[in-house]
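Single-letter residue listing:
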Amino acid sequence: MTSSKSDTRETSFGTPDPIAGAARRWLSVAVVAVIIVVIGLIAANARRGADDPRIADPAVSGAPRPVRPLFGWDHWITLHEIGTVVMMVALITAVVVVWRRRPRHPVLLMVLVTTAIVWQDPIMNWAPYAVYNPQLWHWPVHWPLVSLSPTVEPFIVIGYATFYLGPFFPAIWLLRRIQARRAPGSFSWRHPLICLAALILAIGFVFDALLECFLVRTQLYIYSQVIPFGSVFAGEPYQFPLIWESALVTVVMIPAGVLLYRDDTGRTVAEKLAQRVRLFRGRPALGAFAVMFVIVNVAYFCYGAGFTIIRDTRIATSVACPWPFPEAKVYDPQGFYEKAGQPGPYAAGIWSGWESAQSGRPAVTPPADGGRCGADNG
């Protein structure tokens, strides 16, 4: 008996279930309504530029750039923002289409989870000194959670799902290829989760390094302070903490991928973990989503904790000179920019107290010779 192409499901007697069909239609309407509300919320609160006294340098008009972006092209920000819109339209369309055909598919649930972790992004910008270009469309900088970001919290980070989940797909493909060429008792068959994690680590490290070095060069954002060891282009406006960022970011990629691994029973790791919780035994999809959400969010906290340790120990001493966003105050919570001679005004940020293992921004004596970042040496 052929199945209907309508959005109704069939009962055990082979007739369409109108109640289920109506429920799906109402669910589709609800999803569209939520998307419209979110877009409206973004449009109503969109900001561009250093438009708040907390971050703005009142002496600077416009958005001059002391350093040219990659290839000297000044339109990277517009291109990134258009690309994000196109990517999100494609992603949402794919999720809706696949959800109608295979509701509650584990990959779709993980897409939702890796998108939802964006609520932590201001914290994760604060921890590694990730300073976004103020010219990006962003949330109002005075909002409580948003204000943790060193400068602005842009809308562009909504595309996190493609970043954190992306390495899983080539990794699982490679693992299946490796298993197909190995005997059932080989390491890849006995320890598939370890192998998958190792593949995601390698692929994710390279993927992140290439992507972020490109984005930093286009001045989408900078890492204002990095540890000199293990970083590339240290001291330049496009410095990048290669070992630290590209390794720590896989702390999120690995569990996101491992939780999607299916064993020979056809169940994912997330589904098997959810079955251990009595509350979820009759709700496998809800249980899998809850497990994914908790584990991935904890992993993201671990990423931030790693950079918080670096921050609190004050070993990220290399500053990006010259400060590339003059319309915004120099983000200098620990005084390293002023110590290097970068002219102010300075912003310490919201969490410059005990969260950074200090009592506010320390007093610093500027270098007598103007320093590496001074106007005469820049």
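Residues numbered from 1 in each chain as written. Predicted model: local features only at pLDDT ≥ 70, side-chain atom pairs only at ≥ 80, totals over all residues. Heavy atoms only, no water.

**Some points on the pattern of salt bridges**
This structure, assessed with the given rule, holds six salt bridges. For glutamate 81, the salt bridge is made with arginine 48, and the minimal N-O distance between the two is 3.2 Å. Note that glutamate 81 is positioned in helix α2 (residues 76–101) and arginine 48 in the loop between α1 (18–45) and α2, a separation of 33 residues in sequence. Judged by its relative accessible area of 35%, arginine 48 is partly exposed. (Salt bridge = Lys/Arg side-chain N within 4 Å of Asp/Glu carboxyl O. Helix = DSSP H or I, 4+ residues; strand = E, 2+ residues; numbered from the N terminus. Buried < 20%, exposed > 50% of the residue type's maximum accessible area, 1.4 Å probe, protein only.)

**Some points on the environment of alanine 299**
Mapped onto the elements of the fold, alanine 299 is located in helix α12 (residues 284–312). Spatially, the C-alpha atom of alanine 299 lies 25 Å from that of methionine 87, the residues being 212 residues apart in sequence. Every residue in contact with alanine 299, bar those within four places of it in the chain, is listed here: Val251, Val252 and Pro255. (Contact = heavy atoms within 4.5 Å.)

**Here's the deal with empty space enclosed by the protein**
If you walk through the whole model with that rule in mind, you get one cavity of 30 Å³ or more. The space that makes up the largest cavity amounts to roughly 60 Å³. Taken together, Ala127, Pro128, Tyr129, Tyr223, Gln225, Val226, Ile227, Pro241, Trp244, Phe307, Ile310 and Ala316 make up the full set of residues lining the largest cavity. When contributions to the lining of the largest cavity are tallied by element, the ones reaching two or more residues are β5 (225–226) and α12. Residue composition of the lining of the largest cavity, by class: 11 nonpolar, one polar and no charged. (1 Å grid on protein atoms, 1.4 Å probe; cavity = no way out; pocket = protein on both sides within 12 Å on 5 of 7 lines; lining within 4 Å. Points joined across faces, edges and corners; volume = space filled by probe spheres on them. Nonpolar A, V, L, I, M, F, W, Y, C, P; charged D, E, K, R; others polar.)

**Observations regarding the side chain of glutamate 81**
Assessed through its relative accessible area of 15%, glutamate 81 is described here as buried. Apart from residues lying up to four places away in sequence, glutamate 81 is in contact with Arg48, Gln135, Leu136, Trp137 and Ile156.

**Some thoughts on the environment of proline 103**
In this structure, proline 103 sits in the loop between α2 and α3 (106–116). On the basis of relative accessibility, which here comes to 27%, the residue proline 103 falls in the partly exposed class. In the structure, proline 103 is positioned 37 residues away from proline 66 in sequence and 51 Å away in space, judged by C-alpha atoms.

**A few points about the state of the cysteines**
This structure, assessed with the given rule, holds one disulfide. Between the sulfur atoms of cysteine 321 and its disulfide mate cysteine 373 the distance is 1.4 Å. As the torsion about the S-S bond is roughly 95 degrees, the cysteine 321-cysteine 373 disulfide counts as right-handed. Here cysteine 373 lies in the segment after β8 (346–347) and cysteine 321 lies in the loop between β6 (318–319) and β7 (330–331), a separation of 52 residues in the sequence. In this structure cysteine 373 comes out as buried when scored by relative accessible area, which is 4%. Cysteine cysteine 213 shares no disulfide, and the gap to the nearest cysteine sulfur, in cysteine 321, comes to 19 Å. (Disulfide = S-S within 2.5 Å.)

**What to know about the nonpolar core**
The tendency in soluble globular proteins is for nonpolar side chains to be buried as a group. If you look at the biggest cluster of nonpolar residues, it comprises 82 residues, and the most contacted ones within it are Met110, Tyr164 and Leu196. Look past the residues within four positions of leucine 196 in its chain and what remains in contact with it is Phe168, Ala171, Ile172, Leu175, Gly257, Val258 and Tyr261. (Core = buried A, V, L, I, M, F, W, Y, C linked by side-chain atoms within 4.5 Å.)

**Here we look at the packing of helix α6 (residues 168–180) against helix α8 (residues 192–217)**
Interaxial distance between α6 and α8 falls to 9 Å at its minimum, and their mutual angle equals 135 degrees. One element, α6, and the other, α8, form an angle in the oblique class. Where α6 crosses over α8, the handedness of that crossing is right-handed. For the pair α6 and α8, contact is made by Phe168, Pro170, Ala171, Ile172, Leu174, Leu175 and Gln179 and by Pro192, Cys195, Leu196, Leu199, Ile200 and Ile203, respectively. (Axes fitted to C-alpha atoms, helices over the stretch in contact; angles between N-to-C directions. Parallel < 35°, antiparallel > 145°, perpendicular 65-115°, else oblique. Left-handed = near helix turned anticlockwise from the far one by under 90°.)

**Overview of the packing of helix α10 (residues 250–258) against α12**
Direction vectors running N to C along α10 and α12 enclose 165 degrees, while the axes themselves pass 8 Å from each other. By the angle between their axes, α10 is roughly antiparallel relative to α12. Remark: the crossing between α10 and α12 carries right-handed chirality. Every residue of α12 that contacts α10 at Val251, Val252, Pro255 and Ala256 is listed here: Ile295, Val296, Ala299, Tyr300, Cys302 and Tyr303. Grouping the constituent residues of the contact of α10 with α12 by class yields 10 nonpolar, no polar and no charged.

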